[in-house]
Amino acid sequence: MLAVFKALPLLILLLSVEARHRRSIDLIAAHSLISDSRLPREVTPNTYNLHLEPHPSEGHFSGRVRINVTWQEPTDKITLHAHEDLEIFKIIVTQFAADDETEKASSTPLPPTEIRVLKTERVPKKPLYVIHLEKSANRGTQCEVDLTFKGRLYNDTSEGLFRSSYIDPETKTLKWFVATHFRPNLARRVFPCFDEPAYKVPFVINVARHKSMVALSNMPLETTEKMEGKPDWVWDRFQQTPPMSTFSVGVVVSEFANTDYNTTDEENNFNFEIRVWARPDFISALANVTDTVRKSIKILEEFWGCAYPLPKIDLLALPNYQATRPADNWGLLLFKESELSGRRSWHVSQELAYQWLGTLATPFWWSDAHINNALARYVTAYTTVKMETNESFNNWPMTMLYSIYYEFSKRYPHGKSTAIKQDSTSAKTELVFRMLNYTLGERTFKHGLQKFMTDRQYKTFFGDDIWNALTEQAKFDNVLDDSMTVNAIAASWITKDRLPVINVTRDYKKKTVSIAQRVYLRERPHDVPDQEKFVWWIPIILIRQDKMNFTNSTPTIWMRKEREITLTNVPSSDNFIIVNPEEIGPFPVNYDVKNWNMLAQYLCTENRMKIPVNTRAKLLHDAWNLAYAGDLSFATALNMTLFLKHEREYLAWDPVFTLIDHIGRHIDSSAVHKKFQTYVRLLLTPLYEELGDEPKDDDCEGKIHLRSSSKVFLCQAGYKPCIEEAQAAFKKWMEIENPDEGNPVSNQYICPVFKWGTNEEWEFGLQRVIKFPPNRKQNERTYLLKTLAGCPNEAEKIERLLNITILEQNGNFTDNDVYLIFSMLTGSANGYTTLFNFLKKNWDTIKVRFEGKLHLWNSLITSATTVFKTQEGLDMVSELYVQRQSEFGTADFVIEKALKNIKEETKWSNDNLPVIEKWLDEYLQANNATK
């Protein structure tokens, strides 16, 4: 399959989880802070009184913070967080309460007394500010630490206290605003503080502003007073907050407009205000946000068993907001304009979920951030599913499951990527919460979490607090026996970078079934060390054809870290069974061939609708992936696709496109590939023709996605109407007078033209890249270059591109362009085979061209030698290695690794291609199709 389309199926499938995956930024930041040095516990905060005076047009701010602190241990210093760019220029420490012993001995309170500051220091390479006092204070001493400071407002970032601007369309004037984004530890950039999540105390926040602007903070406005010496400025004082961490502090000063106030709604038990803010000319695009917030909060209140904890909530759509995720300040949420105005509710529900979990109850330290993140993701999904109709495109959790199955079945999960590891681990933990909701029962699960929230609200928590609360509730409800704990169940999943596969083997005569667990490995070879040490607590939920009941998710039995168990009294030999319906647990299931065949036959009947769509999708996904891993015959897996002829539920089709892509790319270099493309056309054409070319007004999102995916893969497989449509659109570009002024052709048409079209069409595209004007968007040129390299079927087109860029060294192509071309050529057998032959033919010239460009040389060798999958390819690469063994230089390790990988791929091809070809021959013959 074509490299340019590699990401498209996954992109389509991942749309519903895009918002949640942005939370990986939190996880990466939190992970890096786990080993961060902590503040000494000698002095701790009680309250903050914060004054901020931002001057957005001038790019600076000033402020004052008075922190009420208590000595926990005797010491003569106070250590705070303060960023190196924050200038602190006045410090007063006042003692107003004596230590515990003095207070006991004295009958009257001591008067406030200033403690002289001897010196201050900044700790090298750490954001720490140490105040050294004249004398040591004892345990129980209370002081006020009064610090005055100033700093810069940056407009090239959306972190800390930042500024940004927009043009008022009516007055054509520049409008500035300022806002805060302190998560995870950015409050220290703005004011000296105890900037750790465990220090949860009340804040009183005061904000200075020009009279023409509006200030917002976490709590409602309490008073407004004139500012001395500045007649056009005022101080806004906000009500005191409940105890909260420094990263929850929020401030915005702007000239935004807002929706009408939503006051108390006694009928729906709402006793807080909801306001939505934006540029005056953009506010109309947010008309439905308030209703989304109301619905989300109502569901969240029901889930947690406690009311939204603040008297108001403000949501703001910020122009030019640069952060990768919204800012979830308590009671003050900041979004990109596109996020808040979008159709989906994910963004809003997610940030509202953090108003409880993360803010009301807060992880004590960053080591528990992944649990917080995972549970918040689960609650977000729960809320969104409750809110959205059946017509909404909501494929949670299936797409996420497919993603983690793929990641955790690699020989080396995550590679060296911290981002992938943090997000996939959080996704797996989210699925563990989902599994517990099913297996403990929703009532027990929710009551356990409600108990947790009641115990930990306005406080901090550790991950075990969540598991303990669920265990206590499960035992109270007699759901788990005394030998089981949720802690042990969860740990068996969360602490491993692996997932299990369950093998279900029936003895049809004895009416028994053997169920065994082992490590799920999809990527070859399966020589992962210590596999026998991996065992999980696995819920066995079994559905039988003669008594189908998909509403009962109580486990028949738990595999308590046993490798194998046997169940009796299973159905007769003419009835199938299904284990792990609805993907209740995050693990695939393999069956004996007879059970698979009974499932395939049943799905081809009208009765298939008795099996829920998520389970139908799971059966299909499991079969193909188990076959890809070598654990199931491809004939059996392909039989599982036969029901798709009648299937029209988009969720059942969800895994199909990724699987076609994976298998198609693997067999791309064989004679089987053309037969496989015919199979794809036969599979998708009836579906696409029934859906129609153009979206209809009443189409749900799922149908729109299904139509789009079908069209992409039909075009790849050579569907003539698609190719003709693409060429007709492309012809209009070729006929315009100045084709370099812009590209009128939709991206979806370009690859089909370059793949199936004429040399003239491809050459036209090449000239557009060569003559691309510098004043146009460069991403348009990049896409054209990707398709020019990654799409063609003919080797001649690729050779032409390689000759121009490498041998002729055309000055219109950069080293980055050449690197991109190499990468794109790995996506198809035609691409990497042509590149290999080009390398072999022009070895000496290329060596000279790439002298001093080791990154290009290594990239070339990697792209030209590592992707072969057949014996013929292995022979080609082996021969080149023998001929040029001493000339690979820095790429020598690449070729050695390539040979090892190709041997594995060749073995796979030898084992599976005959089976796939035999099945395709029978299928095509039965459907009277030519190859």
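First things first, this report covers the structure right here in the doc. (Residues numbered from 1 in each chain as written. Predicted model: local features only at pLDDT ≥ 70, side-chain atom pairs only at ≥ 80, totals over all residues. Heavy atoms only, no water.)

**A closer look at the overall build of the chain**
To be explicit about the condition: Under the DSSP-based scheme used, a helix requires at least four consecutive residues in state H or I and a strand at least two consecutive residues in state E, with every element numbered from the N terminus. Here the globule rule is a power law, 2.2 Å times the number of residues to the power 0.38, and the radius of gyration is based on C-alpha atoms. Each residue is placed in one exposure class: buried if its accessible area under a 1.4 Å probe, protein chains only, is under 20% of its type's maximum, exposed if it is over 50%, and partly exposed if it falls in between. Here, two residues are considered to be in contact whenever any of their heavy atoms come within 4.5 Å of each other.
Across its full length, the chain holds 30 helices and 30 strands. Taking 2.2 N^0.38 as the reference for a compact globule, 931 residues should give roughly 30 Å; the C-alpha atoms of the chain span a radius of gyration of 32 Å, in line with that estimate. With respect to the three principal axes, the spread of C-alpha positions in the chain is 100 × 75 × 60 Å. Across the 931 residues in the chain, those meeting the buried criterion constitute 59%. Here the analysis covers contacts within the chain between residues at least 6 apart in sequence; of these, 73% occur between residues at least 24 apart.

**Considering the sheet that holds strand E1 (residues 43-55)**
Spelled out, the test is: Each pair of strands is called paired provided DSSP finds at least two bridges between the two strands. Axis geometry follows a simple rule: fit a line to the C-alpha atoms, using only the stretch in contact for helices, then measure angles between N-to-C directions, giving values from 0 to 180 degrees.
With mixed pairing, the eight strands of this open sheet are ordered in space as E5-E4-E8-E2-E1-E11-E14-E13. A strand with exactly one partner marks an edge of an open sheet, and here the two such strands are strand E5 (113-115) and strand E13 (221-227). Between one strand axis and the next, the sheet turns through 20° on average, direction left out of account. Looking at chain direction, strand E4 (residues 87-97) and E5 are connected through three bridges and run antiparallel. Bridged to Val-93 within E5 is Ile-115.

**Re the packing of helix H24 (residues 795-807) against helix H26 (residues 829-841)**
Just so we agree on the cut-off: Any angle from 65 to 115 degrees is called roughly perpendicular, while one under 35 is roughly parallel, one over 145 is roughly antiparallel, and all others are oblique. Here is the rule for handedness: rotate from the far helix to the near one, and if that takes an anticlockwise turn smaller than a right angle the crossing is left-handed, while a clockwise turn gives right-handed.
Between H24 and H26, whose axes approach to 10 Å, the crossing angle comes to 50°. Overall, the two elements H24 and H26 adopt an arrangement that is oblique. Classified by chirality, the crossing of H26 by H24 is right-handed. Every residue of H26 that contacts H24 at Ala-795, Ile-798, Glu-799, Leu-802, Asn-803, Ile-806 and Leu-807 is listed here: Asn-830, Gly-831, Thr-834, Leu-835 and Phe-838.

**Digging into the pattern of salt bridges**
Filter applied, for reference: Any Lys or Arg side-chain nitrogen located within 4 Å of an Asp or Glu carboxyl oxygen qualifies as a salt bridge.
On inspection of all chains with the given rule, the structure shows 52 salt bridges. The salt bridge partner of Arg-188 is Asp-195, with a shortest N-O separation of 2.9 Å. With a closest N to O distance of 2.7 Å, Arg-560 and Asp-481 form a salt bridge. Taken as a pair, Arg-560 in strand E27 (residues 557-560) and Asp-481 in the loop between helix H12 (463-476) and helix H13 (486-494) lie far apart in primary sequence, 79 residues in all.

**Focus: the state of the cysteines**
Put simply, the test is: Here, the term disulfide refers to a pair of cysteine sulfur atoms separated by no more than 2.5 Å.
Enumeration over the complete set of coordinates arrives at two disulfides. The residue that forms a disulfide with Cys-751 is Cys-791, at a sulfur-sulfur distance of 1.9 Å. In this structure the cystine formed by Cys-751 and Cys-791 twists about its S-S bond by roughly -115°; its chirality is therefore left-handed. With Cys-751 in helix H21 (residues 747-756) and Cys-791 in the loop between helix H23 (778-790) and H24, this residue pair connects regions lying 40 residues apart in the sequence. Numbered by position along the chain, the disulfide-linked cysteines of the chain connect as 1-2, 3-4.

**A short note on the pairing of strand E9 (residues 160-167)**
Of all eight residues making up E9, seven are buried, and the element is well covered by its neighbours. Hairpin connection of E9 to strand E10 (residues 174-181): six residues between the antiparallel strands, including Lys-172 at a positive phi of 60°.

**With respect to the environment of Glu-794**
Heads up, the condition is: What qualifies as a polar contact is a pair of N or O atoms within 3.5 Å, subject to a donor-acceptor requirement within protein and to the restriction that residues adjacent in sequence count only when both atoms come from side chains.
Counting through the fold element by element, Glu-794 comes out in the loop between H23 and H24. A C-alpha to C-alpha distance of 9.2 Å links Glu-794 and Asn-759, two positions 35 residues apart in sequence. Reaching out from Glu-794, the side chain makes a polar contact with the side chain of Lys-797 at a distance of 3.2 Å.

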